[in-house]
There are 2 protein chains.
Amino acid sequence: MAYRIALIGYGNIGRAVEQAIIAAPDMELVGIYHHNDSLEAIQADAVLLCTPTREVEKFALQLLEKGICTVDSFDIHNQILALRDSLGIAAQTHKAVSVIAAGWDPGSDSVVRALLLAMAPQGITYTNFGPGRSMGHTVAAKAIDGIKNALSMTIPLGTGVHRRMVYVELEEGADAAVVGQKLLADDYFAHDETHMIVVDDVEALNNVAHGVNLVRSGVSGSTHNQRFEFNMTINNPALTAQIMVSCARAAIRMKQAERYGAYTMIELAPIDLLPGNKENLIKTLV
Amino acid sequence: MAYRIALIGYGNIGRAVEQAIIAAPDMELVGIYHHNDSLEAIQADAVLLCTPTREVEKFALQLLEKGICTVDSFDIHNQILALRDSLGIAAQTHKAVSVIAAGWDPGSDSVVRALLLAMAPQGITYTNFGPGRSMGHTVAAKAIDGIKNALSMTIPLGTGVHRRMVYVELEEGADAAVVGQKLLADDYFAHDETHMIVVDDVEALNNVAHGVNLVRSGVSGSTHNQRFEFNMTINNPALTAQIMVSCARAAIRMKQAERYGAYTMIELAPIDLLPGNKENLIKTLV
C-alpha cells in the first residue's frame, strides 16, 4: 500500500515536493494545504512542511499531536537542536516521527560531513556554497521592512567563507540606508560579508541553480593526507524537495519500527530513504 | 568506559586498524590475534576481522556465537547478501551485531551511492576507481598457483569501466601462460580487461595510494541535470581500517539498542560511526 503524503505550503518547495511525490513509486499525494488552512482534517502518514522555516515548529507540533509524521527543511543551523528537542518530545508522546533539517544543507551535506569525519577523524572540512540563490536568506531578506522583493546570492570565497550579494527592490519611500542596516543586523546576514544592491527588477536576475564544494583533508588512524571532495550543481528547490520526500519515507519506516522521536538526517540509515526491497537495494548499492 | 576492541589478522589492514583504535578517544585495544590463534579466550565488545575476505565468515560466526560484535571489510560485492544472511542469523540468535562490507567500496562509497539515489532517484551513477592498488584483487592474485608475489592495479577507463594491471613474480618453473589463464578465469578478474605483467620485483612497484571518482547525473522530482561528484585520493589500508574502527562503534551501539543482526553501512545511521555526544555532533555537523 502506498504511503499517503500531504504537504503544507505551495511555494517553490511545495510545488517541487508535489512533483517528487508524484514521481515516487511508493507514495500517494493525498492533500495540498495552504498556510491558512485548518489542519484538523488532515489524514496522512506524513506531512511535508514547505512553509517558511520560522513557521515549521508550529505546524509540526499540531501534526505530531495527531500522530502524523512530519518532515521539514528547517535551515537555521544554530536552532536545529532546539527544534529537535521540541518536536522530539511531541513525537515521542504521540508515537510519531519527525525528520528535521532535511534539505541539502543542513541535510545531505551534513551526512557527507559525518561520513568524512568517520573516515578521517582528524582534519578540517570546508563547505563552500554557491554561486547560487539561498532560499533561506532570500526569504529572510524579503521579511525586512522596506524590502519589496529580494534575491540573496551566496558567493564562495574558499575555506568556507562566503559573500552574500543581496539584490533588492525597495518599497516606495523606503530609505536604502535604513533598510541596509536592518539587513546587515539580521541573524541570517550578520556573520558574513554582505552587500545590498538596489535594483529595479529582482525577477530578471532570478535563477534557482546552486552548488556545493565540500572539501576535507584529514587523518585516518595515523595516516595523514587523506583527501575528499564532494561537489554538486543542482536546481535548489527541486533537490530540497526530493530530499524531503525521501526523508518522509524514512520517517514512516521509523514510526513503523516504533522508533518515535525527532531526527536529523545524520541519525537516519541511508537505506531508509529509498523505495523498494532492502535486499535489492543492498545488491545494487553495496 | 572505553569500548574494548580486539583484532584478528596483522597484515596491512590489521596494522592500520591498530593505529586507528589507538587514535580513537573512546576505545581500548584489548588484543591482537593471528589467524591460527584460538579465539576461545577473546573478551571484547567488538572484534575487527582483518583477515583475507574469504576467511571472514568463519571467524565472524565463532565470535557472534559468543555474543561479541564483529566488523569486516568483506569485498566480494556479489556475495555480500549471502554473508549478511549467514551472519545475521548468528547475530540475532546470540544477541550481537555484525557490520559487514565496511571498507570504502563496498562501504563508504555505498553510502554515497545510496545518498545520491535518495537525492536524484532517476539517473546513472558511475563509480570510477583508481589508479591504485586493489587489496582484494592483489590477495586473489597471490592465491593463484604459480604466483609468488603480485600487485593488482586498478585503472579507471571512465563510466565505471576499469582495466586491471596485474604485476606478478612467478614461482620457479611456473609457466606464465598457464598462470595467466588461471588469473583471467578467477572471479575477481573475469569481468574486467586484465593484463598480467611478469616482473622481477613486485615490491619495487608497491604503493597503497588509491582513489575514487564517483559521478551521478540524475533527476530530482521532475527536474533533470542534477549533478553530483565524490572524489577521494587516499592511503587505502589506512582508510579501510579507519572505517572498520568507526563501524565497530556503530556495532556496539546497535547492540546496546538491542538491534541485533548483520548490517551493511547503508543500514547504519552515520552519527553512530562517530565518538562523542549526539547533541554536540548534531551541533557541529548538521
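Residues numbered from 1 in each chain as written. Chains lettered and ligands numbered in written order. Predicted model: local features only at pLDDT ≥ 70, side-chain atom pairs only at ≥ 80, totals over all residues. Heavy atoms only, no water.

1. A closer look at the pairing of strand β1 (residues 3–8) of chain A
Residue and element names in this part refer to chain A.
Piece 1. Most of β1 sits out of view: five of its six residues are buried.
Piece 2. Both β1 and strand β2 (residues 27–33) contribute to a ladder of six bridges, which runs parallel. Along β2, the bridge assignment pairs isoleucine 8 with tyrosine 33.
Piece 3. For the segment spanning β1, helix α1 (residues 12–23) and β2, crossover handedness is right-handed.
Piece 4. With four bridges joining them, β1 and strand β3 (residues 46–49) adopt parallel strand pairing. Across the sheet, alanine 6 pairs through a bridge with valine 47, a residue of β3. (Buried < 20%, exposed > 50% of the residue type's maximum accessible area, 1.4 Å probe, protein only. Helix = DSSP H or I, 4+ residues; strand = E, 2+ residues; numbered from the N terminus. Pairing = 2+ DSSP bridges. Right-handed = clockwise from strand over helix to strand, strands pointing away.)

2. Digging into helix α7 (residues 236–256) of chain A
Residues and elements named next belong to chain A.
Piece 1. An ideal rise of 1.5 Å per residue puts 30 Å on 21 residues; α7 measures up with 31 Å between its terminal C-alpha atoms.
Piece 2. Among the 21 residues of α7, 19 are classified as buried, and the element is accordingly described as predominantly covered.
Piece 3. Looking at where α7 begins, the residue whose side-chain oxygen comes 3.0 Å from the main-chain nitrogen of alanine 238 is asparagine 235.
Piece 4. Downstream of α7 by a residue or two, glutamate 258 has a phi angle that is positive, lying close to 60°. (Expected span 1.5 Å × (residues − 1). Polar contact = N/O pair within 3.5 Å; in protein donor to acceptor, adjacent residues only side chain to side chain.)

3. Quick look at the packing of aromatic side chains
All names here are of chain A.
Piece 1. Tallied over the full model, the rule gives two aromatic pairs over all chains.
Piece 2. Where tryptophan 104 meets phenylalanine 129, the ring centres are 6.1 Å apart and the plane angle is 55°; that geometry is what we call tilted. In this pair, tryptophan 104 sits in the loop between β5 (97–99) and α4 (108–119) while phenylalanine 129 sits in strand β6 (residues 122–129), placing the two residues 25 residues apart along the sequence. Like phenylalanine 129, tryptophan 104 is buried.
Piece 3. One cation-aromatic arrangement involves lysine 58 over phenylalanine 59; the distance from NZ or CZ to the ring centre is 4.7 Å. (Phe/Tyr/Trp six-rings, centres within 6.5 Å; stacked < 30°, edge-to-face > 60°. Lys NZ or Arg CZ within 6 Å of the ring centre and 35° of its normal.)

4. Focus: the sheet that holds strand β6 (residues 122–129) of chain B
Piece 1. If you trace the six strands from one edge of the open sheet to the other, you get β6(A)-β11(A)-β12(A)-β12(B)-β11(B)-β6(B), paired in antiparallel fashion. Edge positions in the open sheet fall to β6 of chain A together with β6 of chain B, since each of these has one partner strand only. Taken over all neighbouring pairs, the strand axes of this sheet differ in orientation by 10° on average, direction set aside.
Piece 2. When β6(A) meets strand β11 (residues 209–220) of chain A, the two strands line up antiparallel, connected through eight bridges. Paired with A:Tyr126 across the two strands is A:Val215, which belongs to β11(A).
Piece 3. Across the face of the sheet, α7(A) comes into contact with β11 and β12 (223–235) of chain A together with β11 (209–220) and β12 (223–235) of chain B while running at roughly 110° to β12(A). (Axes fitted to C-alpha atoms, helices over the stretch in contact; angles between N-to-C directions. Contact = heavy atoms within 4.5 Å.)

5. What to know about the interface of chain B and chain A
Many descriptions give the size of an interface as the accessible area lost when the pieces come together.
Piece 1. Each partner contributes residues to the interface: chain B has 61 residues there, and chain A has 61 residues.
Piece 2. A salt bridge links B:Glu279 to A:Arg84; the shortest N-O distance between them is 3.3 Å.
Piece 3. Counting across the interface, chain B meets chain A through 21 residue pairs in polar contact (both at pLDDT 80 or more).
Piece 4. Elements represented by at least two residues in the side of chain B that touches chain A include exactly α1 (12–23), α3 (80–93), α4 (108–119), β12, α7 (236–256) and α8 (278–285) of chain B.
Piece 5. It is β12(B) that provides the largest number of residues to the side of chain B that touches chain A, a total of 12 residues.
Piece 6. In the side of chain B that touches chain A, the residues fall into 35 nonpolar, 16 polar and 10 charged.
Piece 7. Looking at chain direction, β12(A) and β12(B) are connected through seven bridges and run antiparallel. (Salt bridge = Lys/Arg side-chain N within 4 Å of Asp/Glu carboxyl O. Nonpolar A, V, L, I, M, F, W, Y, C, P; charged D, E, K, R; others polar.)

6. A short note on the nonpolar core
Piece 1. Residues A:Val17, A:Leu48, B:Val17 and B:Leu48 are the most contacted members of the largest nonpolar core, which totals 189 residues.
Piece 2. Sequence-distant contacts of A:Leu48, defined by excluding residues within four places in its chain, comprise A:Ile5, A:Ala6, A:Leu7, A:Ile8, A:Val17, A:Val71, A:Met244, A:Val245 and A:Ala248.
Piece 3. In terms of nonpolar packing, the next biggest core, distinct from the first, is built from five residues, B:Leu151, B:Met153, B:Val199 and B:Val202 among them. (Core = buried A, V, L, I, M, F, W, Y, C linked by side-chain atoms within 4.5 Å.)

7. What about the relation of the copies chain B and chain A?
Piece 1. Of the transformation superimposing chain B on chain A, the axial component is 0.0 Å and the angular component is 180°, with the fit at an RMSD of 0.0 Å. The relationship between the two copies is best expressed as a two-fold rotation axis.
Piece 2. Mapped onto chain A, 100% of the interface residues of chain B are again interface residues, and the two copies thus contact each other with one and the same surface. (Least-squares fit on C-alpha atoms with pLDDT ≥ 70 in both.)

8. Focus: the domain arrangement of chain A
Residue and element names in this part refer to chain A.
Piece 1. You can read the domains of chain A as domain 1 (3–106 + 237–279) and domain 2 (122–220).
Piece 2. When each unit is reduced to the centre of its C-alpha atoms, the spacing between domain 1 and domain 2 is 26 Å.
Piece 3. Taken together, the contacts link 12 residues of domain 1 with 12 residues of domain 2.
Piece 4. With both chains or domains summed, domain 1 and domain 2 bury close to 850 Å², and 62% of this area falls on carbon and sulfur atoms.
Piece 5. Area buried by domain 1 at its contact with domain 2 is led by Arg54, Trp104 and Pro237, which between them contribute 47% of it.
Piece 6. Taken together, the connections running from domain 1 to domain 2 amount to zero salt bridges.
Piece 7. At the boundary of domain 1 and domain 2, one finds one residue pair in polar contact (both at pLDDT 80 or more).
Piece 8. Looking at the side of domain 1 that touches domain 2, the elements with two or more residues in it are α1 and α7.
Piece 9. Residue classes in the side of domain 1 that touches domain 2 are distributed as five nonpolar, four polar and three charged. (Domains from an automatic or database assignment. Buried area = accessible area lost by both parts, 1.4 Å probe.)

9. Digging into α4(B)
Piece 1. Across its 12 residues, α4(B) extends 17 Å between first and last C-alpha, which sits within 8% of the 16 Å expected from 1.5 Å per residue.
Piece 2. Burial of α4(B) is extensive: 11 of the 12 residues sit out of reach of the surface.

10. Comments concerning the pairing of strand β8 (residues 147–156) of chain A
Residues and elements named next belong to chain A.
Piece 1. Counting buried residues along β8, seven of its 10 residues qualify, which places the element largely inside the surrounding structure.
Piece 2. Sheet topology note: the strand β7 (residues 132–133)/β8 ladder contains two bridges and is antiparallel. The residue of β8 that forms the bridge with arginine 133 is methionine 153.
Piece 3. Where β8 meets strand β9 (residues 162–170), nine bridges bridge the pair, whose relative direction is antiparallel. Paired with asparagine 149 across the strands is glutamate 169, a residue of β9.
Piece 4. Linkage of β8 to β9, two consecutive antiparallel strands, is achieved through a turn of five residues, within which glycine 158 is found at a positive phi near 90°.

11. Examining the side chain of A:Gln226
Piece 1. Relative to the helices and strands, A:Gln226 resides in strand β12.
Piece 2. Of note is the side chain of A:Gln226, whose polar atom sits 3.0 Å from the side chain of A:Ser220.
Piece 3. Among the polar contacts made by the side chain of A:Gln226, one reaches the main-chain amide nitrogen of B:Asn235 at a distance of 2.6 Å.
Piece 4. Apart from the residues within four sequence positions on either side, A:Gln226 is in contact with A:Arg216, A:Ser217, A:Gly218, A:Ser220, B:Thr233, B:Ile234, B:Asn235, B:Ala238 and B:Leu239.

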